[in-house]
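Residue-level structural notes
Next come the chains, spelled out residue by residue.
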Amino acid sequence: MHWEQLLSLKRFGDTRKRIRKEQDETRLGFEVDYDRVIFSAAFRSLQDKTQVIPLSKTDFVHTRLTHSLEVSVVGRSLGRIAGKKILEKHPHLREVHGYHFNDFGAIVAAAALAHDIGNPPFGHSGEKAIGEYFKTGRGKQFEAVLTQKEYQDIIDFEGNANGYRLLTESRQGVEGGLRLSYATLGAFMKYPKESLPKKPTKHIADKKFGFFQQDVASFQEVAAELGLESRGKGKDVGFCRHPLTFLVEAADDICYTIIDFEDGINLGLISEDYALEYLIKLVKDSINIKKYNNLVYMEDRLSYLRALAINTLISDAIAIFIENEDAILNGEFSVSLMDKSKFKAQIEDIITLSVQKVYRSQEVLEKEIAGYRIISDILDVYTTALIRNKEGNSSNYDRLMISTLPEAYRETKGSTYDILLSTCCYVASLSDSAAVHIHNKIMGKQL
């Protein structure tokens, strides 16, 4: 793979090539990507979607929105630093094509901003709840009328694939969705493959999948423009990652490692003394002990250690990225950057404690259980109504339910797969509170 192609400014529907040297420096194409994501309705809904604690009443706790903004900030730093080093190594990118180090930062920042845009309500349990409805619930009845790959799309419903769909889906009058640059779409795609075969290798790009069957042709176009190498065999569509995806992933890994841990401390789920000890181990080589000891309040001590920890991990991720640039460009780097971190042991200690004390806390588990039921009930009502309408035997109740859907999700002329996937994506678009509200309406608990 080659940086000249990987940094493509092309957008869906372009009829002529966009040249970097011809770009308006006051409104660079890659920066437009960031603007389009942040002003989108799908991004706004993240303000009420779970990061760690569903439906938290505490203002401090991160939502998907605040998490995405923080990941974007870290991603921008990673991209800029990496860009500076890449341009030093490949000066023709600047001299011939006109690229600047800020371009790399803008691409990573925009992709990082969008990285959770397709996630359902109630965190990762929301993804599992959608899948379980079709795998073991009443939705299993549709298995017989779907292809193997179509069925896999919905029983392993994936927020990353839904994110790509949201960013690129054409609607009447809105071709190409947000029309982001292909460089940003490539960097966004953590798992550039279909849902099947499932985990064909241990390569990080095969861990999950990144696009639904509806979007295979769309991503093939993006991959061709960027020059992403094919990794699939026969009809199985899979590609090498865009190199900047590794930086987007690192930004996410750094933020959830440190900041989810910080949430646990502020919620009292992790004791301060115990937690600060873990963070100090991570930053022991850069901490100013005198400055640290002069901090009176826990919040200030925690803030200081958080900033040091993030900066430490940024520097480490960049070193790994640059050291392995050739392998990454050749599609031979098979793990995340932080898997190669010299701080891996400290990171794993922090994540293990977060899992024990935060992710599996009683409050989280109880709300995730409720989320399973809420999502299952909403899916059941809407899939039943839409499929009956397609078959011409809908009841008055079915028609009433369909009328409550946003207009874009009422269509029943397509295939059964199209209808089911669209309904899954509707449920995934709901915020935590909206899902609870709709469920209360459906169940007759609220007028």
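Before reading on, note that the structure itself is shown above.
Residues numbered from 1 in each chain as written. Predicted model: local features only at pLDDT ≥ 70, side-chain atom pairs only at ≥ 80, totals over all residues. Heavy atoms only, no water.

Moving on, we come to the overall build of the chain. Helix and strand content of the chain: 21 helices and zero strands. By the compact-globule yardstick of 22 Å for 447 residues, the chain fits well, its C-alpha radius of gyration being 22 Å. Along the longest, intermediate and shortest principal axes, the C-alpha atoms of the chain span 70 × 55 × 40 Å. Of all 447 residues assigned to the chain, the portion counted as buried reaches 55%. Taking the contacts inside the chain whose residues are at least 6 apart along the sequence as the reference set, 72% of them involve residues at least 24 apart. By element, 50% of the accessible surface of the chain is carried by carbon and sulfur atoms, the whole surface being about 20,000 Å². For the chain, the separation between the mean place of its 58 positive charges and that of its 62 negative charges on side chains is 1 Å. (Helix = DSSP H or I, 4+ residues; strand = E, 2+ residues; numbered from the N terminus. Rg over C-alpha atoms; globule rule 2.2 N^0.38 Å. Buried < 20%, exposed > 50% of the residue type's maximum accessible area, 1.4 Å probe, protein only. Contact = heavy atoms within 4.5 Å. Areas by Shrake-Rupley, 256 points an atom, 1.4 Å probe, with all protein chains shown as cover. Lys, Arg positive; Asp, Glu negative; His and termini not counted. Charge placed at Lys NZ, Arg CZ, Asp CG, Glu CD.)

This next bit is on unusual backbone geometry. Omega for the peptide link from L196 to P197 comes to 0 degrees, which places this bond in the cis form. Residue position: P197 is located in the loop between α10 (182-188) and α11 (216-226). One non-glycine residue, R179, lies in positive phi territory at about 50 degrees. Along the chain, R179 turns up in the loop between α9 (159-168) and α10. A relative accessible area of 23% means that R179 is categorised as partly exposed.

Locating Q51 in the fold gives a position in the loop between α3 (41-44) and α4 (64-89). In this structure, the C-alpha to C-alpha distance between Q51 and L65, residues 14 residues apart in sequence, is 8.5 Å. If we skip the residues at most four places from it in the chain, Q51 touches H62, T63, R64, H67, D116, Y256 and D260.

According to the stated counting rule, one finds 22 salt bridges in the structure shown. A salt bridge links D380 to R138, with the nearest nitrogen and oxygen atoms 2.8 Å apart. One end of the pair, D380, is in helix α18 (residues 362-391); the other, R138, is in the loop between α7 (124-135) and α8 (148-155), with 242 residues separating them in the sequence. Here K344 ties to E348 by a salt bridge, and the two come within 4.0 Å at their closest N and O atoms. A residue pair is termed a helical-turn pair when its members lie 3 or 4 positions apart in one helix, as K344 and E348 do in helix α17 (residues 344-359) at four residues. Residue classification places K344 among the partly exposed residues on the basis of a relative accessible area of 32%. On the basis of relative accessible area, E348 is assigned to the partly exposed category, the value being 43%. (Salt bridge = Lys/Arg side-chain N within 4 Å of Asp/Glu carboxyl O.)

Between helix α2 (residues 29-38) and helix α6 (residues 101-113), the least distance of the axes is 8 Å, while the angle of their chain directions is 20 degrees. In terms of axis orientation, α2 runs roughly parallel to α6. Pair α2 / α6 crosses with left-handed handedness. Counting all contacts with α2, which are made through F30, E31, D33, Y34, V37 and I38, the residues of α6 involved are D103, A106, I107, A109, A110 and L113. Looking at the contact of α2 with α6 residue by residue, the classes come out as nine nonpolar, no polar and three charged. (Axes fitted to C-alpha atoms, helices over the stretch in contact; angles between N-to-C directions. Parallel < 35°, antiparallel > 145°, perpendicular 65-115°, else oblique. Left-handed = near helix turned anticlockwise from the far one by under 90°. Nonpolar A, V, L, I, M, F, W, Y, C, P; charged D, E, K, R; others polar.)

What follows deals with helix α12 (residues 245-266). Every α-helical turn comprises 3.6 residues, leaving residues that sit three or four positions apart pointing alike. Its 22 residues give α12 an end-to-end C-alpha distance of 31 Å, which sits within 8% of 32 Å, the value for a rise of 1.5 Å per residue. Burial analysis of α12 places 20 of its 22 residues in the buried class, the great majority of the element. (Expected span 1.5 Å × (residues − 1).)

The subject of this paragraph is the packing of aromatic side chains. Overall, the coordinates contain twelve aromatic pairs when judged by the stated rule. Aromatic side chains F211 and F219 sit 5.1 Å apart centroid to centroid with 25 degrees between the ring planes, which places their arrangement in the stacked category. Summarising the burial analysis for this pair, F211 and F219 share the class buried. Aromatic ring contacts, followed pair by pair, group Y164, F211, F219 and F239 into a single cluster. The ring of F246 is capped by R241, whose NZ or CZ atom sits 4.9 Å from the centre of that ring. One cation-aromatic arrangement involves K281 over Y278; the distance from NZ or CZ to the ring centre is 5.6 Å. (Phe/Tyr/Trp six-rings, centres within 6.5 Å; stacked < 30°, edge-to-face > 60°. Lys NZ or Arg CZ within 6 Å of the ring centre and 35° of its normal.)

Buried within helix α19 (residues 396-403) are the following residues: D398, M401 and I402. Each buried residue of α19 lies within a common arc of 100 degrees when the element is viewed along its axis, so the set occupies one face. Turning to α19, the residues buried within the fold contact α18 and α21 (432-442). (Arc of directions from axis to C-beta.)

The next point concerns the nonpolar core. One finds W3, L78, F219, L244, F261, F321 and L337 to be the most contacted residues of the largest nonpolar core, which totals 93 residues. Sorting elements by how many residues they give to this core places helix α15 (residues 298-323) first, with 13 residues. Leaving out residues up to four positions away in the same chain, L244 has contacts with W3, L7, F104, I107, V108, A187 and F321. The next biggest cluster of nonpolar side chains, apart from the first, holds 40 residues, and it includes I155, Y382, V427 and I438. (Core = buried A, V, L, I, M, F, W, Y, C linked by side-chain atoms within 4.5 Å.)

The topology assignment puts I322 in helix α15. Residue classification places I322 among the partly exposed residues on the basis of a relative accessible area of 25%. Placed 240 residues apart in sequence, I322 and A82 show a C-alpha to C-alpha distance of 7.2 Å. If we ignore the near neighbours within four places in the chain, the residues touching I322 are A82, K85 and I86.

The subject of this paragraph is the side chain of N160. As for its placement among the helices and strands, N160 is situated in helix α9. Polar contacts involving the side chain of N160 include one to the side chain of E158, which spans 2.5 Å. Those residues in contact with N160, other than ones at most four positions away along the chain, are H115, E127, F188, K190, Y191, K208, F209 and G210. (Polar contact = N/O pair within 3.5 Å; in protein donor to acceptor, adjacent residues only side chain to side chain.)

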